[in-house]
Amino acid sequence: MPESQDTGAAPKIDTSKPHPARMYDWMLGGKDNYPVDEELGRQMVALEPQLPLMARMNRAFMRRATRWLATQGIDQFLDIGSGIPTEPNLHQLAQRERPEARVVYCDRDPIVMAHAEALLRGTPEGALDFALVDAHDTAAVLALAAKTLDLSLPVAVSLVALLHFIRDEDGAHELVSAFKDALAPGSYLVLSHFTADFHSAEDIAKASGAYRAKGLTAALRTRAEFSRFLDGFEPVEPGVVLAEQWHPELGEPVPGQEGHISSTYAAVARKN
Ligand SMILES: C[S@@+](CC[C@H](N)C(=O)[O-])C[C@H]1O[C@@H](n2cnc3c(N)ncnc32)[C@H](O)[C@@H]1O
């Protein structure tokens, strides 16, 4: 059953198996990870040495998309599967453009909560919140978000590097549809998603097998499968592209990215 909790509780951090938030932190060069995370991370990097670069390219897409949304007038953000805070964080980017912006972060990993609580201290009351909640529990996500955001007004909902952990049979599309139905017209969906389109079937089978062996799920979709998440939304220019191709003019290139691809599809789409 998905868990949903407010920030009061302090669930235990499980260091016996790898967790996506901590593996991603390891890929980004962070220190908030454990040997189990590094071990699986290294197995993945042995199959695809550019994974740390790809993680940075994905993060750079989030930064550009946030800037773009803020300049479109969006001042409410709901970031689901937010990950361990990595500067600059979404709220910093949004509030740079729009100081009044309010941001709710959600993740299901207690390690993210521990760091998010530190982040929340010292920020103006009511501008920022974190909810420890599983994205499958869309009603709980929305109820927790509504404490900070006015859901009758446009919100940008980010599912950045999240959906590739959720299989169709585990409700990935129902999850996106639930947010679509709940959002006010003028809201945006921000998606990025690792894909198998640029790797051999053999490497993908090895990577998926290593994930499964550690109790993790990988749902690597093709471009067409990714695009289905946008049904009912209107993608903004340039549509579905690789993360590094989405408005590159809005940020600096990631050092070392030239000549490499992120293997990550990205899109920002509007609910009309
Ligand atoms: C690869 S990280 C992405 C972090 C951030 N969105 C970014 O792109 O920089 C994926 C995050 O999704 C979280 N996550 C995975 N499945 C989740 C679920 N069902 N509900 C909420 N969070 C989830 C993980 O804990 C992790 O922090």
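Use the structure listed above.
**Q** Hey, could you run me through the side chain of Thr138 in this one?
**A** Within the secondary structure, Thr138 sits in helix α6 (residues 138-145). Classification of Thr138 by relative accessible area gives buried; the value is 15%. Among all residues touching Thr138, those that are not within four sequence positions of it are Leu175, Ala178 and Phe179.

**Q** Before we go on, may I ask you to explain the nonpolar core in this structure?
**A** Formed by 36 residues in total, the largest nonpolar core has its most connected members in Phe61, Leu69, Phe77, Phe130, Tyr188, Trp246 and Val268. Within the residue set of this core, elements represented by two or more residues are α3 (51-71), α4 (90-97), β3 (102-107), α5 (110-120), β4 (128-133), β5 (156-160), β6 (188-194) and β9 (264-270). Ranked by size, the runner-up nonpolar core spans 35 residues in total, among them Ala140, Val141, Leu144 and Tyr265.

**Q** Got a minute to help me understand the site of the ligand in this structure?
**A** The environment of the ligand is formed by 18 residues, the closest being Tyr24, Arg59, Gly81, Asp107 and Val160. Contacts to the ligand include Asp134, whose side-chain N or O atom sits 3.1 Å from a nitrogen atom. Between the ligand and Val160 there is a distance of 2.8 Å, counted from a nitrogen atom to a backbone nitrogen or oxygen. When the ligand sits alone it has 600 Å² of accessible area, and the protein chains cover 98% of it. Counting only elements with at least two residues in the shell around the ligand, the list comes to α1 (20-27) and α3.

**Q** Looking at this model, I keep getting lost on the side chain of Thr195. Mind explaining?
**A** Tracing the backbone through its elements, the reader meets Thr195 in the loop between β6 and α8 (201-213). Residues within four places of Thr195 in sequence aside, it is in contact with Leu220, Arg221, Thr222, Ser263, Thr264 and Tyr265.

**Q** What is the right way to look at the pairing of strand β2 (residues 76-80) in this model?
**A** Consecutive side chains along a regular strand alternate between the two faces of the sheet. Most of β2 is tucked away, with 5 of its 5 residues classed as buried. Pairing geometry for β2 and β3, over 5 bridges, is parallel. Among the inter-strand pairings, Phe77 is bridged to a residue of β3, identified as Val103. Viewed along the sheet, the connection from β2 through α4 into β3 turns out right-handed. Two elements, β2 and β5, share 3 bridges in a ladder whose sense is parallel. In the strand pairing of β5, Leu78 is matched with Val157.

**Q** When you look at the packing of aromatic side chains in this model, what are you seeing that I'm missing?
**A** Taken as a whole and assessed by the stated rule, the structure comprises 5 aromatic pairs. Taken together, a centroid distance of 5.9 Å and an interplanar angle of 85° make the contact between Trp68 and Trp246 edge-to-face. Taken together, the positions of Trp68 in helix α3 and Trp246 in the loop between β8 (241-242) and β9 put the pair 178 residues apart, joining distant regions of the chain. Trp246 carries the same exposure label as Trp68, and that label is buried. Consider the rings of Phe198 and Tyr265, whose centres lie 6.2 Å apart with planes at 55°: the pair is tilted. With Phe198 in the loop between β6 and α8 and Tyr265 in strand β9, this residue pair connects regions lying 67 residues apart in the sequence. Residue classification places Phe198 among the partly exposed positions, given a relative accessible area of 38%. You can call Tyr265 buried: its relative accessible area is 6%.

**Q** Looking at this structure, how should I read the pattern of salt bridges?
**A** Side chains bearing opposite charge may pair, as long as their charged atoms lie close to each other. Overall, the coordinates contain 9 salt bridges when judged by the stated rule. The closest approach of N and O atoms between Glu39 and Lys214, which form a salt bridge, is 3.9 Å. Linking Glu39 in helix α2 (residues 35-47) with Lys214 in the loop between α8 and α9 (223-227), this pair joins segments that are 175 residues apart in sequence. For Glu39, a relative accessible area of 42% corresponds to the partly exposed category. Owing to a relative accessible area of 29%, Lys214 belongs among the partly exposed residues under this scheme. Shared partners join several salt bridges into a network, and the residues in it are Arg167, Glu169 and Asp170.

**Q** In this structure, what is going on with the packing of α6 against helix α7 (residues 172-182)? I would like to understand it.
**A** How two helices pack is summed up by the angle between their axes together with the distance between the axes. Two elements in contact, α6 and α7, have axes separated by 10 Å at closest approach and are oriented at 40°. One way to sum up the angle between α6 and α7 is to call them oblique. Considering only the axes of α6 and α7, their crossing is right-handed. Across the interface between the two elements, Thr138, Val141 and Leu142 of α6 pack against Leu175, Ala178, Phe179 and Ala182 of α7. For the contact of α6 with α7, a count of residues per class yields 6 nonpolar, 1 polar and no charged.

The rules behind these values
- Residues numbered from 1 in each chain as written.
- Predicted model: local features only at pLDDT ≥ 70, side-chain atom pairs only at ≥ 80, totals over all residues.
- Heavy atoms only, no water.
- Helix = DSSP H or I, 4+ residues; strand = E, 2+ residues; numbered from the N terminus.
- Buried < 20%, exposed > 50% of the residue type's maximum accessible area, 1.4 Å probe, protein only.
- Contact = heavy atoms within 4.5 Å.
- Core = buried A, V, L, I, M, F, W, Y, C linked by side-chain atoms within 4.5 Å.
- Near = heavy atom within 4 Å.
- Polar contact = N/O pair within 3.5 Å; in protein donor to acceptor, adjacent residues only side chain to side chain.
- Areas by Shrake-Rupley, 256 points an atom, 1.4 Å probe, with all protein chains shown as cover.
- Pairing = 2+ DSSP bridges.
- Right-handed = clockwise from strand over helix to strand, strands pointing away.
- Phe/Tyr/Trp six-rings, centres within 6.5 Å; stacked < 30°, edge-to-face > 60°.
- Salt bridge = Lys/Arg side-chain N within 4 Å of Asp/Glu carboxyl O.
- Axes fitted to C-alpha atoms, helices over the stretch in contact; angles between N-to-C directions.
- Parallel < 35°, antiparallel > 145°, perpendicular 65-115°, else oblique.
- Left-handed = near helix turned anticlockwise from the far one by under 90°.
- Nonpolar A, V, L, I, M, F, W, Y, C, P; charged D, E, K, R; others polar.

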